[in-house]
Amino acid sequence: MDPREQALAVQDAINASGRHYRDSIPMIASENIISPLVSRAINSDLHGRYAEGLPGKRYYQGCDDFDTIESIGIESAKRVFNCKFANIQSTSGTVSNMAALKALTKPGDTITAVSTADGGHISHHPMGAVGMRGLNLVTYPWNEERMEPDVDAACALIRQEEPELCLFGQSVILFPIPMQELADAAHEVGARVMYDGAHVLGLIAGGQFQDPLREGADVMTGSSHKTFPGPQGGFLLSDSDDEPLQKKLNNAIFPGVCSSYHLHHVAGKVVAMAEFEAFGKEYARDIVANAKSLGEALASEGFDVLAEERGFTSSHQVLTRHGAPDSGAGRKAAQILEECGIITNMNMLPGDTKAMSGPSGLRLGTPELTRVGMGVDEMKDIAKFFARALIKQEESSQVREDVTAFKSRYQKVHYSIEKGPAYPNLD
Ligand SMILES: *Cc1c(COP(=O)(O)O)cnc(C)c1O
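How would you explain the overall build of the chain if you had to name every residue and give the values?
Along its length, the chain carries 14 helices and 17 strands. Of all 427 residues assigned to the chain, the portion counted as buried reaches 55%. In the chain, once contacts between residues fewer than 6 apart in sequence are set aside, the share between residues at least 24 apart is 74%. Here the chain contributes 40 positively and 56 negatively charged side chains, and the mean placements of these two sets differ by 3 Å.

Right under this line is the structure:
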């Protein structure tokens, strides 16, 4: 391809992707949009700069202004997440996990975690960060009905295995888990406790989920772009005042797993934290209310929504089942929904064994819908679109037209200091 053509092809595809999301109902639980002020921070000269080290202790000249930004950000993170230590440099949730594993374990140690089949993240798996650190993974016995570790069996496992680290937190997550009991068992055998809050970080900070740092977690990691509504990035947090531990955590980020840590995104995170301090409680509350409403509405349209007896969800996620285990019915449903203008992801449910071809379920999220101003009534409208697409099997182009007309009413970013378009710079 001609160089100029290549550059233009990329620009065209970027715009097409933006229009696709603008005109659709985006329900990927890990995704979100950024506010105008965050957008300005990440489209700045900071993009090209380096600031290895910590504020006031840099290896390069030219960092004074960034020192101001990072210092404000560290103090803001301590308030937002109610903790004594915060490192805001990590470039993603996975990078935060790599750093935490580096700080808290050494190769050959044993770690306990939630299996990926039960909703654990790939970074908790030997194929991911856990394997890169050379750890021996033991997964918790799982209560499929409650979608949480089988607490008695998991405590027994921890006492028997005596791991160096007990990791909790999931990518598929409907309810808080009994953290304190599990953390007590871990501490009893001298293990450290880590909570991976990648998905639910905004709900935790907004006071709408459990509060792992108050329930025994020594370290909490997370992404800055899922329910926490900032730019792509990560956090590394602890409420411990143990200085050697804090130093280890900082060193695990740099020189451990980052050199350039994307200064423009750090600045964006600090702006996002300012907006979170202003609007985060409200935003987190509305995300969860919308997820509950979505679960109820889908069930009353006739869908099989998981965890009905527990009220469907206490997080930003809802899980639906569309066929028998390993039938691939979730994959099929996700494809039909996309044709109808609804963006979701297939998800393995209890009983499914094939991640690519077999999932029978969908994982649905409300963070972005909430961010563009939808409330509990709009969740009922969306459940009706699901029914038209998947139960009545209406012509997809017809549903899509109505979805786009519906979505055109929700085009502004909410919970932000400066108002602006949710999907900017599109023709
Ligand atoms: C999404 C996720 C991560 C990874 O976060 P990235 O920011 O995408 O690297 C880690 N842990 C859990 C539990 C997640 O769901």
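An account of the nonpolar core is needed here, citing residue identities and associated values.
One finds Phe81, Phe168, Tyr195, Phe228 and Leu237 to be the most contacted residues of the largest nonpolar core, which totals 82 residues. Sorting elements by how many residues they give to this core places helix α10 (residues 263-300) first, with eleven residues. What Phe81 contacts, discounting residues up to four positions off in sequence, is Leu201, Ala205, Leu213, Arg214, Phe228, Phe235 and Leu237. Counting residues in hydrophobic clusters, the runner-up holds 36 residues, among them Ile33, Leu337, Leu364 and Ala383.

A description of the environment of Ser223 should follow, citing residues and the corresponding values.
Its place among the elements puts Ser223 in strand β11 (residues 219-223). For the pair Ser223 and Ser92, spaced 131 residues apart in sequence, the C-alpha to C-alpha distance is 5.7 Å. Apart from residues no more than four positions distant in its own chain, Ser223 is found in contact with Gly93, Ala198, Leu201, Phe228, Gly233, Gly234 and Phe235.

Quick one: what's the story with unusual backbone geometry, residue by residue and with numbers?
In this model, Phe254 is joined to Pro255 through a cis peptide bond whose omega is 10°. Position of Pro255 relative to the elements: it lies in helix α9 (residues 243-257). The phi angle at Met147 is positive, at roughly 55°, despite the residue not being glycine. Backbone geometry places Phe312, a non-glycine residue, at a positive phi of 75°. Given the relative accessible area of 6%, Phe312 is considered buried.

Before we move on, can you summarise the site of the ligand with the specific residues and values?
Of all residues adjacent to the ligand, which total 13 residues, the nearest are Gly93, Thr94, Ser171, Asp196 and Lys226. Residue Ser171 places a side-chain N or O atom 2.7 Å away from an oxygen atom belonging to the ligand. Split by residue class, the shell around the ligand holds one nonpolar, ten polar and two charged.

Mind laying out the sheet that holds strand β13 (residues 304-305), listing which residues take part and the relevant values?
Note on sheets: strands pair through backbone hydrogen bonds, and any given pair is parallel or antiparallel. Taken in spatial order, the four strands of this open sheet run β13-β14-β17-β16, and their pairing is antiparallel. In this open sheet, the two strands that pair with only one neighbour each are β13 and β16 (345-347). Contacts from helix α11 (residues 329-339) reach β16 and β17 (361-365), with the element oriented near 50° to β17.

Can you tell me about the sheet that holds strand β5 (residues 110-113), naming the residues and giving the values?
Taken in spatial order, the seven strands make up an open sheet running β4-β12-β11-β10-β9-β5-β6, and their pairing is mixed. Each edge of the sheet is formed by a strand with only one pairing partner; in this case those strands are β4 (85-87) and β6 (136-139). The sheet shows a mean angle of 20° between the axes of neighbouring strands, direction not considered. Across four bridges, the pairing between β5 and β6 is parallel. Following the sheet pairing, Thr110 is matched in β6 by Asn136. Contacting β5, β6 and β9 (165-168), helix α6 (residues 151-161) crosses the sheet at an angle of about 155° to β6.

Describe the pattern of salt bridges, with residues and values.
A complete count under the given rule lists 20 salt bridges for this structure. Residue Arg159 is joined to Glu188 by a salt bridge in which the shortest nitrogen-to-oxygen separation is 2.8 Å. Pair noted here: Arg159 is in helix α6 and Glu188 is in helix α7 (residues 179-188), with a separation of 29 residues, a long-range link. Here Arg159 falls in the partly exposed class, since its relative accessible area comes to 40%. Salt-bridge contacts for Arg388 lead to Glu394; the nearest nitrogen and oxygen are separated by 3.0 Å. Look at Arg388 and you get buried, because its relative accessible area is 16%. In this structure, a network of salt bridges that share partners links the residues Lys84, Asp211, Arg214 and Asp239.

Each value, and the rule that gives it
- Residues numbered from 1 in each chain as written.
- Predicted model: local features only at pLDDT ≥ 70, side-chain atom pairs only at ≥ 80, totals over all residues.
- Heavy atoms only, no water.
- Helix = DSSP H or I, 4+ residues; strand = E, 2+ residues; numbered from the N terminus.
- Buried < 20%, exposed > 50% of the residue type's maximum accessible area, 1.4 Å probe, protein only.
- Contact = heavy atoms within 4.5 Å.
- Lys, Arg positive; Asp, Glu negative; His and termini not counted.
- Charge placed at Lys NZ, Arg CZ, Asp CG, Glu CD.
- Core = buried A, V, L, I, M, F, W, Y, C linked by side-chain atoms within 4.5 Å.
- Near = heavy atom within 4 Å.
- Polar contact = N/O pair within 3.5 Å; in protein donor to acceptor, adjacent residues only side chain to side chain.
- Nonpolar A, V, L, I, M, F, W, Y, C, P; charged D, E, K, R; others polar.
- Pairing = 2+ DSSP bridges.
- Axes fitted to C-alpha atoms, helices over the stretch in contact; angles between N-to-C directions.
- Salt bridge = Lys/Arg side-chain N within 4 Å of Asp/Glu carboxyl O.

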